Amino acid sequence: GENVEQHPSTLSVQEGDSAVIKCTYSDSASNYFPWYKQELGKGPQLIIDIRSNVGEKKDQRIAVTLNKTAKHFSLHITETQPEDSAVYFCAANDYGQNFVFGPGTRLSVLP
Amino acid sequence: DTGVSQDPRHKITKRGQNVTFRCDPISEHNRLYWYRQTLGQGPEFLTYFQNEAQLEKSRLLSDRFSAERPKGSFSTLEIQRTEQGDSAMYLCASSLRDEQYFGPGTRLTVT
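Residues numbered from 1 in each chain as written. Chains lettered and ligands numbered in written order. Predicted model: local features only at pLDDT ≥ 70, side-chain atom pairs only at ≥ 80, totals over all residues. Heavy atoms only, no water.

### Quick look at the sheet that holds strand S8 (residues 75-79) of chain B
Backbone-to-backbone hydrogen bonds join strands into a sheet, with any given pair of strands oriented parallel or antiparallel.
All names here are of chain B.
Part 1 of the reasoning: Taken in spatial order, the 4 strands of this open sheet run S1-S3-S8-S7, and their pairing is antiparallel. Of all strands in the sheet, those with a lone pairing partner are strand S1 (5-7) and strand S7 (65-68), marking the two edges. Adjacent strand axes in the sheet meet at a mean angle of 15 degrees when their direction is disregarded.
Part 2 of the reasoning: Pairing analysis gives 4 bridges linking S7 to S8, with the strands arranged antiparallel. If you follow Ala67 over to S8, its bridge partner there is Leu77. (Pairing = 2+ DSSP bridges. Helix = DSSP H or I, 4+ residues; strand = E, 2+ residues; numbered from the N terminus. Axes fitted to C-alpha atoms, helices over the stretch in contact; angles between N-to-C directions.)

So, in structure tokens, the structure goes:
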């Protein structure tokens, strides 16, 4: 089955700097890769996603890149703000609708 | 607020008791998912419904766990004879296509 690894586990950046979180997956059949933001006491919130037929996708300060050959995808947040502080999860679809999540990255944006 | 609601938000129960959780998805979403999340980990897939049909179940879902989605609307997750290892956040998500929208979760504590 699918296995998703995520790095780093914690990340601290100064406000205004960029943050990059990287994930690798094992199953070449996976074709959908979402990213979620989870704040304390809340459920995960979908922030951006990418499909295997696309190499990059941007939405304002957030972008995701996908390298199918290397089986890795990354989340890029530019001009970070304190409200970006949260735990971020990547995921990949395994067989059917079985989604496998990474272990998470705790991002702290320091004012 | 994603539009997915879960009830109750918190449940404390004694080992050996049965518990039932409810999830109300976004009304037009035909897909519904249950996940379990323990502290410091990403969500783990438990089961998936398309309309009222339960199409996928994780190996994590022991015989003590059962889920239903009568009439393809709300869903219930029941845990029988709870064990301390069942203590976790139980998350529900719904979707129309690939994008999943999570509810706030039900935190279960088994004492």
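Further notes follow.
### So, the state of the cysteines
Residues and elements named next belong to chain A.
Part 1 of the reasoning: If you walk through the whole model with that rule in mind, you get 2 disulfides over all chains.
Part 2 of the reasoning: Through a disulfide, Cys23 is tied to Cys90; the S-S separation comes to 1.9 Å. Because the sign of the S-S torsion sets the handedness, a value of about -95 degrees for the bond joining Cys23 and Cys90 places this disulfide among the left-handed ones. Separated by 67 residues along the polypeptide, Cys23 in strand S3 (residues 19-25) and Cys90 in strand S9 (residues 86-93) bring together distant segments of the chain.
Part 3 of the reasoning: Residue Cys23 is classed as buried on the basis of its relative accessible area, which comes to 1%.
Part 4 of the reasoning: Cys90 sits in the buried class, given a relative accessible area of 0%. (Disulfide = S-S within 2.5 Å. Buried < 20%, exposed > 50% of the residue type's maximum accessible area, 1.4 Å probe, protein only.)

### Observations regarding the pattern of salt bridges
Part 1 of the reasoning: The full count for this structure, using the stated rule, is 10 salt bridges over all chains.
Part 2 of the reasoning: When the shortest N-O distance is used, the salt bridge between Glu99 of chain B and Arg51 of chain A registers 3.4 Å. Of this pair, Glu99 of chain B sits in the loop between strand S9 (88-95) and strand S10 (101-102) while Arg51 of chain A sits in strand S5 (residues 45-51), on two different chains.
Part 3 of the reasoning: Residue Arg51 of chain A is classed as partly exposed on the basis of its relative accessible area of 29%.
Part 4 of the reasoning: A salt bridge links Arg64 of chain B to Asp86 of chain B; the shortest N-O distance between them is 2.8 Å. Of this pair, Arg64 of chain B sits in the loop between strand S6 (53-57) and S7 while Asp86 of chain B is found in the loop between S8 and S9, placing the two residues 22 residues apart along the sequence.
Part 5 of the reasoning: Through salt bridges with shared partners, a single ionic network connects Lys37, Glu39 and Lys42 of chain A. (Salt bridge = Lys/Arg side-chain N within 4 Å of Asp/Glu carboxyl O.)

### A short note on the environment of Glu79 of chain A
Residue and element names in this part refer to chain A.
Part 1 of the reasoning: Note that Glu79 resides in the loop between strand S8 (72-77) and S9.
Part 2 of the reasoning: Residues Glu79 and Arg61, spaced 18 residues apart in sequence, show a C-alpha to C-alpha distance of 6.9 Å.
Part 3 of the reasoning: The residues touching Glu79, leaving out its near neighbours within four places in the chain, are Gly16, Asp17, Ser18, Arg61 and Asp84. (Contact = heavy atoms within 4.5 Å.)

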